[in-house]
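Observations on the three-dimensional arrangement
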Amino acid sequence: MLYLQAINEGLNLTFQCSENVPHYICTDAVKLRQVLINLISNSIKFTQEGEITLTVNNSSEKFTDILNLDFQVRDTGVGIAAAELPKLFNAFSQGQAGKESQEGTGLGLAISHKFVRLMGGNILAESQLGKGTVFKFSIQAKLGQETNSVALEKYPQVLGLIPGQPIYKLLTVDDKYINRQLLIKLLEPLGFEMKEASNGKEAITIWDEWEPHLIWMDMRMPVMDGYEATKYIKSITKGNATAIIALTASVLEEEKAIVLSAGCDDFLRKPFAEHTIFDALTKHLGVKYIFAENNSANLEYTEKNDLTSDNLTCMSQEWIHQFYEAALEANTNQVMKLIREISQTETFLIQSLTKLVRKFEFEQLVDLVKPLLM
């Protein structure tokens with residue numbers, strides 16, 4: 001979510017984790033995730049050029065049960081005036097840059113401050129106008145146990161849809177363009193038909209005319225929110241044929257009961273993992289996928305071998321020309337459609353090409369295919 005937001009703004013987003021930070025910790029994952037999203041999103045919003053860097057370090061004393069983890073979010077953005085820094089974490093308080101952007105409520109930093117305190121730490125900001133800002137916070141945590149060692153095996157990469165299924169129509173509703181694009185870029189290349197709306201009113205109009213199979217519904221939006229839109233759709237007979245999945249950044253457990261009572265069929269919290277989106281589509285629509293082989297031998301083979309033009313010689317000249325044109329135009333849908341024509345026995349080729357498409361490495365795809373043109 002944040003990577004896509006950063007590259008759309010032409011910014012570098014870097015994560016640096018010290019070797020002394022343990023792989024597993026016990027803390028409030030929802031609160032820590034929310035604080036990091038708030039700080040990094042702010043940095044992206046107020047940085048015109050340069051980079052945003054998140055660093056994590058373990059400053060704990062040895063032989064203690066409690067870990068002290070130090071986080072820093074550094075940007076090269078517009079900065080904050082010295083006079084504004086003492087009020088930065090007050091509710092509804094915004095710096096000059098925030099007021100000028102006319103975006104947000106001024107609650108993000110106040111919530112972050114409260115969450116950090118609840119996790120046993122503190123947060124502060126250092127800044128220079130025109131040179132950037134650094135947010136520093138620490139939390140206390142306990143050393144965790146490795147309980148998710150099979151996570152990768154459990155959720156293999158989705159390469160496409162099994163042929164013979166309906167063309168599923170999905171509507172994504174969110175007032176943030178970047179959030180809509182995240183779902184579109186994830187799902188459209190696989191063969192889903194996608195449309196988007198920026199508020200509940202637009203969503204109702206599109207739903208009425210287009211009758212999508214499923215709606216990804218953000219719950220908090222201007223003009224008309226997701227609650228009102230969902231209630232309207234579900235109050236009409238044909239609305240029961242459309243599954244509505246609530247997407248919300250709320251950290252409150254009570255929120256789930258509220259959205260379900262509004263008529264939503266399910267509830268996912270942002271930021272979501274890819275597999276939760278795919279699982280929801282299977283649960284509510286019965287979607288079936290083509291998965292990448294995900295055994296350790298195959299992963300090892302993929303890591304040790306680089307994709308070359310020779311790997312594509314198994315495809316026809318017609319396919320090569322079509323792939324070249326699609327890659328040249330950065331046509332994600334067409335490139336993924338052509339990848340689905342590759343024999344399923346060519347696992348390494350399918351996985352490698354899909355990975356390049358997901359990273360928007362179209363120049364590399366052009367370079368791979370160009371030597372094979374006749």
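This section reports on the structure supplied with the text.

Conventions used here
Residues numbered from 1 in each chain as written. Predicted model: local features only at pLDDT ≥ 70, side-chain atom pairs only at ≥ 80, totals over all residues. Heavy atoms only, no water. Buried < 20%, exposed > 50% of the residue type's maximum accessible area, 1.4 Å probe, protein only. Helix = DSSP H or I, 4+ residues; strand = E, 2+ residues; numbered from the N terminus. Pairing = 2+ DSSP bridges. Core = buried A, V, L, I, M, F, W, Y, C linked by side-chain atoms within 4.5 Å. Contact = heavy atoms within 4.5 Å. Phe/Tyr/Trp six-rings, centres within 6.5 Å; stacked < 30°, edge-to-face > 60°. Axes fitted to C-alpha atoms, helices over the stretch in contact; angles between N-to-C directions.

In this section: the pairing of strand β4 (residues 66-75). When a strand is regular, its side chains alternate between the sheet's two faces. Here β4 shows a clear split, with L67, L69, F71, V73 and D75 buried on one side and none of I66, N68, D70, Q72 and R74 buried on the other. Where strand β3 (residues 51-58) and β4 come together, seven bridges link them in antiparallel fashion. By the bridge assignment for β4, T53 is matched with R74. Summarising the sheet, β4 and strand β6 (residues 132-143) pair through nine bridges and their orientation is antiparallel. Across the sheet, residue V73 finds its bridge partner in β6, namely F135.

Quick look at the nonpolar core now. Grouped together as the largest cluster of nonpolar side chains are 53 residues, with contacts concentrated most on L187, F192, W216, L281 and L353. In this structure L281 touches L170, L187, F192, L214, W216, G286, V287 and Y289, once residues within four positions along its chain are discounted. Of all hydrophobic cores here, the second largest spans 29 residues; its members include L36, I52, A125 and F135.

What follows is about the packing of aromatic side chains. If you walk through the whole model with that rule in mind, you get six aromatic pairs. Arranged with centres 6.3 Å apart and planes meeting at 80 degrees, the rings of F89 and F135 form a pair that is edge-to-face. Here the residue F89 occupies a position in the loop between β4 and α3 (96-101), and F135 occupies one in strand β6, the gap between them amounting to 46 residues. Here F89 and F135 have matching classes, each one buried.

The next thing to look at is helix α6 (residues 177-187). Counted residue by residue, α6 has eight buried out of eleven residues, so it is predominantly covered. Turning to α6, its buried residues number three or more, namely I178, N179, R180, Q181, L183, I184, L186 and L187.

This part covers the sheet that holds strand β12 (residues 266-269). Strand order in the open sheet formed by five strands is β9-β8-β10-β11-β12, and the pairing between neighbours is parallel. Each of the sheet's edge strands pairs with one partner strand only, and the pair in question is β9 (193-197) and β12. Neighbour-to-neighbour, the strand axes of this sheet turn through a mean angle of 20 degrees, independent of strand direction. Across the sheet, helix α8 (residues 226-235) touches β10 (214-218) and β11 (243-248), and the angle it forms with β10 is around 150 degrees.

Okay, unusual backbone geometry next. Of note, the phi angle at E211 is positive, near 50 degrees, even though the residue is not glycine. Within the element layout of this structure, E211 appears in the loop between α7 (200-210) and β10. Residue V223 is not a glycine yet carries a positive backbone phi of 70 degrees. According to the relative accessible area criterion, V223 is exposed, its value standing at 67%.

This part takes up the side chain of D218. Along the chain, D218 turns up in strand β10. Relative accessible area serves as the criterion here: at 6%, D218 is assigned to the buried category. Setting aside residues no more than four positions away along its own chain, D218 makes contact with V173, D174, D175, G226, L247 and K270.

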